[in-house]
Amino acid sequence: MPRYQFITNMKNRNFFLLVAAVTLASCNSHSSYTIDGTVSDSTLNGNTIYLADMASRNTLDSAVITNNKFKFTGKADTAFVGMLQARPYHMNLIVENGNISVEMGETDKLSGTPLNDEMASFVSAVDSLNNLFMAKQQEIVAKGLSDEEASAEWDKAMLSLMPEVNKVFSQYFDRNNNNAVGAWVLANWGLEPEQLDSIANLSGDVLKANPLVKGMLKQAEMLKKTAEGAMFTDFTIEQPDGTKASLSDYVGKGNYVLVDFWASWCGPCRGEIPNIKELYDKYHDKGLDVLGVAVWDKPEDTQKTIDELGIVWPQIINAQQIPTELYGIQGIPHIILFAPDGTIVARDLRDEAMKEKVAEVMDKK
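Here is a short report on the structure shown in this document.

Here we look at the overall build of the protein chain
When its secondary structure is counted, the protein chain shows 11 helices and 15 strands. Its C-alpha atoms give the protein chain principal-axis dimensions of roughly 65 × 45 × 45 Å. Within the protein chain, buried positions represent 46% of all 365 residues. Sequence-distant contacts in the protein chain: of pairs separated by 6 or more residues, those separated by 24 or more amount to 65%. Accessible surface computed for the protein chain: about 18400 Å², of which carbon and sulfur atoms make up 48%. In the protein chain, which carries 33 positive and 49 negative side-chain charges, the distance between the mean positions of the two groups comes to 3 Å.

Take a look at the structure:
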């Protein structure tokens, strides 16, 4: 079940929302931007803070935090979603021409330009939704239910909260359907690929051309092409020793194959290795193959981690973003189970769900 379900009645926009969208898209007349920032944590003085583009993930600029302050200046031909990062803190903003004010720390504040005022309002609304979910979660935990009962109770709670979630996201999309805030709304809505296609058709030309939205639509298309039941999509990666390795070297060869897309720096990825090893030890002699595909990582770091963790199954190293783009993967670990003929049995498997799925198919053999 998707985190947020798309509300189909998107065409019934009222006049106020349309006027608001036009106003937000057009009322900024500055020719450059200035980001004046304050960091509440004084231990970050002397550290570097980075400004990045969320769509490309490229670092655009950096500054040194001095006396709890920093500043960025530049020019944005078109407003876009950016990210400020000074570990362990990060926050998102709209990089648009004008004077932008930010405060970073345990509590973030954003203001100064029309789109950033709207961005701050959206973030506050989402925080309120998160508080509702946390309160409901605490309420369920306090009942002392079994895992099965708690899971059923949580499913009911999700259904009861969805109308309010949909209402908030729909309202913010309606009045930002042609600017960069709308891109951030879509990025956080959690829509299924088909739902994303539908809502994107309601966007204005500026939002449709937004790189973040274009990337989301491309990812959605890849997810549809690599959904459960689809045949595997092959890729070939040059290995550090000069040889080439392809997914088709392992998948579609007559065995079930569990493929782990991972990276050495990823804590959750490392956490799944013992679970994968358990499955490998239990089922490998019965026809289960395991393959690791190292993405977004340095080959030397991958190899060091392979040695440290005692990983014995084969690896495709230095794959970078090639397979993640083909399979629409945004986060790792992402584990996919392929059938003997190469079709996708299940994807995004983790922990107990992964063990149950593998046991289900292997015990039928």
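Structural notes on the state of the cysteines
According to the stated counting rule, one finds 1 disulfide in the structure shown. Disulfide partner of Cys266: Cys269, at an S-S distance of 2.4 Å. With the S-S dihedral at roughly 80 degrees, the linkage between Cys266 and Cys269 falls on the right-handed side. Just as Cys266 is buried, Cys269 falls in that class too.

Looking at unusual backbone geometry
With an omega of 10 degrees, the peptide bond between Arg87 and Pro88 qualifies as cis. Of note, Pro88 is situated in the loop between strand E5 (80-86) and strand E6 (89-95). In this structure, Pro333 follows Ile332 across a cis peptide bond, with omega equal to 5 degrees. Tracing the backbone through its elements, the reader meets Pro333 in the loop between helix H10 (322-326) and strand E14 (334-338). For Asn68, which is not a glycine, the phi torsion comes out positive at approximately 65 degrees. Tracing the sequence through the fold places Asn68 in the loop between strand E3 (59-64) and strand E4 (69-74). Within the chain, Gln320 stands out as a residue other than glycine whose phi angle is a positive 55 degrees. Looking at where Gln320 falls in the secondary structure, it is placed in the loop between strand E13 (315-316) and H10.

Here's the deal with the pattern of salt bridges
Applying the stated criterion across every chain, the model contains 13 salt bridges. A salt bridge links Lys71 to Asp36; the shortest N-O distance between them is 3.5 Å. With Lys71 in strand E4 and Asp36 in strand E1 (residues 33-39), this pair connects stretches of sequence that are 35 residues apart. Judged by its relative accessible area of 35%, Asp36 is partly exposed. Of the charged contacts, one joins Lys277 and Asp281 as a salt bridge, the two residues approaching to 2.9 Å between their closest N and O atoms. Highlighted residues: Lys277 and Asp281, both in helix H8 (residues 267-283), separated by 4 residues, approximately one helical turn. Relative accessible area serves as the criterion here: at 37%, Lys277 is assigned to the partly exposed category. Residues joined in a network through salt bridges with shared partners are Lys143, Glu153 and Lys156.

About the cut-offs
- Residues numbered from 1 in each chain as written.
- Predicted model: local features only at pLDDT ≥ 70, side-chain atom pairs only at ≥ 80, totals over all residues.
- Heavy atoms only, no water.
- Helix = DSSP H or I, 4+ residues; strand = E, 2+ residues; numbered from the N terminus.
- Buried < 20%, exposed > 50% of the residue type's maximum accessible area, 1.4 Å probe, protein only.
- Contact = heavy atoms within 4.5 Å.
- Areas by Shrake-Rupley, 256 points an atom, 1.4 Å probe, with all protein chains shown as cover.
- Lys, Arg positive; Asp, Glu negative; His and termini not counted.
- Charge placed at Lys NZ, Arg CZ, Asp CG, Glu CD.
- Disulfide = S-S within 2.5 Å.
- Salt bridge = Lys/Arg side-chain N within 4 Å of Asp/Glu carboxyl O.

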